[in-house]
Amino acid sequence: DKLKGRLALEKAYLQLSYGNIKLASDELTIVAAENSLPSWIRLRAAYLNGQLLYNQGRYSEASDHFQQVIDYKPKLEMDFYARKNLSYSLMNLGGEQEGATTSLKHMLNDGKYNPYYEQVYFILGGLCVNNNQLDDAISYYHKSVESPKTTRKQKAISFAGMGNALYLQHQYALAKAAYDSSVA
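K.L.:
Help me understand unusual backbone geometry, please; the structure alone is not making it clear to me.
P.N.:
Apart from glycine, the bulk of residues carry a negative phi angle, and the bulk of peptide bonds sit in the trans form. The backbone of Asn-132 shows a phi angle near 60°, a positive value even though the residue is not glycine. As for its placement among the helices and strands, Asn-132 is situated in the loop between helix H7 (117-130) and helix H8 (134-146).

Following this line, the structure appears as structure tokens:
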């Protein structure tokens, strides 16, 4: 019984190497919940499980695991990516997304997330598109593009998102300009 978590960890590794994602996910769930294991192992197991579940389209379960990662209070980079993936899971899940929006807006008020602002604005834009708040989405995409630390890749993705939102508003000329900016 003392080795239950370690055994599950080894089984998860084996299942992943065989390509049995479902069985690996089941084992990672055990690892993430096993208190006898070091917290960094449980944290990584929860994060990996969230990724596996997300890729399988099991967004509700994925969001639970990403929330578990956040609850472990990881280092900044892991915290950001767990919140980002939680938001994407909730976005794909549909329905009420207020929790994801609130969490992301909180990140914008916390200076430690400054290197990630352009990504946070982009995700907020996507959440607004899902909620049919197209004006807000365009505003967030614009903030993502204008963020001082934005990369070329993120800028292109944000312009494409802005183009999609403008297209949904039937502003075709502006959508074309945004799409053109995404490839420039």
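Once the structure has been displayed, the description carries forward.
K.L.:
Quick question: what am I supposed to make of the nonpolar core here?
P.N.:
Soluble globular proteins tend to bury their nonpolar side chains together. Val-69, Leu-104, Val-120 and Met-162 are the most contacted members of the largest nonpolar core, which totals 49 residues. For this core, the leading source of residues is H7, giving 8 residues. Those residues within four positions of Val-120 in sequence are excluded, and the remaining contacts are Phe-80, Leu-104, Met-107 and Leu-108.

K.L.:
Help me understand helix H3 (residues 39-55), please; the structure alone is not making it clear to me.
P.N.:
The α-helix winds at 3.6 residues per turn, so residues separated by three or four positions along the chain end up facing the same way. Taking 1.5 Å per residue as the helical rise, H3 with its 17 residues ought to reach 24 Å, and the 24 Å between its terminal C-alpha atoms agrees with that figure. Those residues of H3 that sit buried are Ile-41, Arg-42, Leu-43, Ala-45, Ala-46, Tyr-47, Asn-49, Gly-50, Leu-52 and Leu-53. Next to the buried residues of H3 lie helix H1 (4-18), helix H2 (21-33), helix H4 (59-71) and helix H5 (76-93). Gly-57, located one to two residues past H3, shows a positive phi value of around 80°.

Reading the values: the criteria
Residues numbered from 1 in each chain as written. Predicted model: local features only at pLDDT ≥ 70, side-chain atom pairs only at ≥ 80, totals over all residues. Heavy atoms only, no water. Helix = DSSP H or I, 4+ residues; strand = E, 2+ residues; numbered from the N terminus. Core = buried A, V, L, I, M, F, W, Y, C linked by side-chain atoms within 4.5 Å. Buried < 20%, exposed > 50% of the residue type's maximum accessible area, 1.4 Å probe, protein only. Contact = heavy atoms within 4.5 Å. Expected span 1.5 Å × (residues − 1).

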